[in-house]
Amino acid sequence: MKKKFLALTLALALALSLAACGGKDAPAQDGAPDAPEVSAPEGGDAAPSEPGEAGSPEAPAGTEADVDLTAFCNTLREENTWPELMDLTTDANMKELLDSYYPGLAEISTKQCGVYIAAISAAVGEIALVEVENAEDVEAVKDIFQARIDYQVGDDANPGGAWYPETIEGWKTLSQIVSHGNYVMLAVGDNAASAVESFEALFA
């Protein structure tokens, strides 16, 4: 008798658990269907959803593709000949030097920041790449980059930080600052113009 009672209890528990599992799926049947997962169209074949349509994300103004600035800098150095460059941003021991060359840059909120200076002071070559957190800081970064150029070039009252006449001339004529969205670049050297072209191509 005990065996029959135990078997009946087990059968009842099994029936109840199956009913409970089936009940979890029920709301999806009679409620509104879930919004479809939206993915970016591949190859531009499918037209994107209009803003406001169900399932269509509204991208905020100014949204742009993410750019890996370290990888981009490595590409620049592979494509053209640059002097030997030291990275001032990944080594904590270089922080004081970075603050000296680019005062104020550390106070700006950045997503990415890479500053690469020539290991030999007589060489003309420098790359600085920054992605700021806030678009309002783009002009501040450009001002910091311009201050770096101005310091290296000097004026009638103060000799240039680049010191050697040829190096000063290089900083004066081979320096370019360019920005796109929240990204800012300073390129100095014979390949600065090519670096600017590559930078702009990232956002084309």
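See the structure shown above.
A brief report on the enclosed structure follows.

Each value, and the rule that gives it
- Residues numbered from 1 in each chain as written.
- Predicted model: local features only at pLDDT ≥ 70, side-chain atom pairs only at ≥ 80, totals over all residues.
- Heavy atoms only, no water.
- Pairing = 2+ DSSP bridges.
- Helix = DSSP H or I, 4+ residues; strand = E, 2+ residues; numbered from the N terminus.
- Axes fitted to C-alpha atoms, helices over the stretch in contact; angles between N-to-C directions.
- Contact = heavy atoms within 4.5 Å.
- Buried < 20%, exposed > 50% of the residue type's maximum accessible area, 1.4 Å probe, protein only.
- Arc of directions from axis to C-beta.
- Polar contact = N/O pair within 3.5 Å; in protein donor to acceptor, adjacent residues only side chain to side chain.
- Core = buried A, V, L, I, M, F, W, Y, C linked by side-chain atoms within 4.5 Å.
- Salt bridge = Lys/Arg side-chain N within 4 Å of Asp/Glu carboxyl O.

Either a parallel or an antiparallel arrangement is found when strands of a sheet pair, and the pairing is made through backbone hydrogen bonds. Overall, antiparallel pairing links the five strands, which are arranged 1-2-3-5-4 in an open sheet. Of all the strands in the sheet, just strand 1 (85-87) and strand 4 (175-180) have a single pairing partner and so form its edges. Looking at each pair of strands side by side, their axes are set apart by 15° on average, direction ignored. Taken together, the seven bridges between strand 2 (residues 110-118) and strand 3 (residues 126-132) define a ladder with antiparallel strand orientation. Within strand 3, the position partnered with Tyr 116 by the bridge is Ile 127.

Right, let's talk about the environment of Gly 189 for a bit. In this fold, Gly 189 is placed in the loop between strand 5 (183-188) and helix 6 (192-201). On a C-alpha basis, the gap between Gly 189 and Lys 172 in space is 10.0 Å, while along the polypeptide they are 17 residues apart. If sequence neighbours within four positions are ignored, Gly 189 has contacts with Val 124 and Leu 174.

On to helix 2 (residues 69-79). An α-helical turn contains 3.6 residues, so a residue and the one three or four places further along point in the same direction. Regarding helix 2, the residues found buried are Leu 69, Phe 72, Cys 73 and Leu 76. Angularly, the buried residues of helix 2 cover 100° about the axis, an arc narrow enough to put them on a single face. For helix 2, the secondary structure elements touched by its buried residues are strand 2, strand 3, strand 5 and helix 6. Two or three places before Thr 70, at the start of helix 2, stands the capping residue Asp 68, its side-chain oxygen 3.1 Å from that residue's backbone nitrogen.

Another aspect to go through is the nonpolar core. Generally speaking, nonpolar side chains in soluble globular proteins are found buried as a group. Residues Tyr 102, Leu 105, Val 115, Val 141, Phe 145 and Leu 186 are the most contacted members of the largest nonpolar core, which totals 22 residues. Only strand 2, strand 3, helix 4 (138-153), helix 5 (165-173) and strand 5 provide two or more residues apiece to this core. It is helix 4 that provides the largest number of residues to this core, a total of six residues. When residues no more than four places from it in sequence are discounted, the contact partners of Val 141 are Leu 105, Ile 108, Val 130, Val 132 and Val 184.

Inspection of the entire model under this criterion finds three salt bridges. Note that Glu 139 is salt-bridged to Lys 142, the shortest N-O span being 3.7 Å. Residue Glu 139 and its partner Lys 142 are located together in helix 4, separated by three residues, close to a single helical turn. A relative accessible area of 46% means that Glu 139 is categorised as partly exposed.

Looking now at the pairing of strand 5. By the criterion of burial, strand 5 is predominantly enclosed, with six of the six residues buried. Of the two faces of strand 5, both are covered, the one formed by Tyr 183, Met 185 and Ala 187 as well as the one formed by Val 184, Leu 186 and Val 188. In terms of strand pairing, strand 3 meets strand 5 through six bridges, oriented antiparallel. Bridged to Leu 129 within strand 5 is Met 185. Summarising the sheet, strand 4 and strand 5 pair through six bridges and their orientation is antiparallel. Across the sheet, Gln 176 pairs through a bridge with Ala 187, a residue of strand 5. Linking strand 4 to strand 5, which pair antiparallel, is a turn of two residues; within it Gly 181 sits at a positive phi near 60°.

The set of residues buried in helix 5 consists of Thr 167, Ile 168, Gly 170 and Trp 171. Looking straight down helix 5, one finds that the buried residues subtend no more than 160° of arc, so they occupy a single side. Residues of helix 5 that are exposed and point more than 90 degrees away from the buried face comprise Pro 165, Glu 166 and Lys 172. Against strand 3, helix 4, strand 4 and strand 5 lie the buried residues of helix 5.

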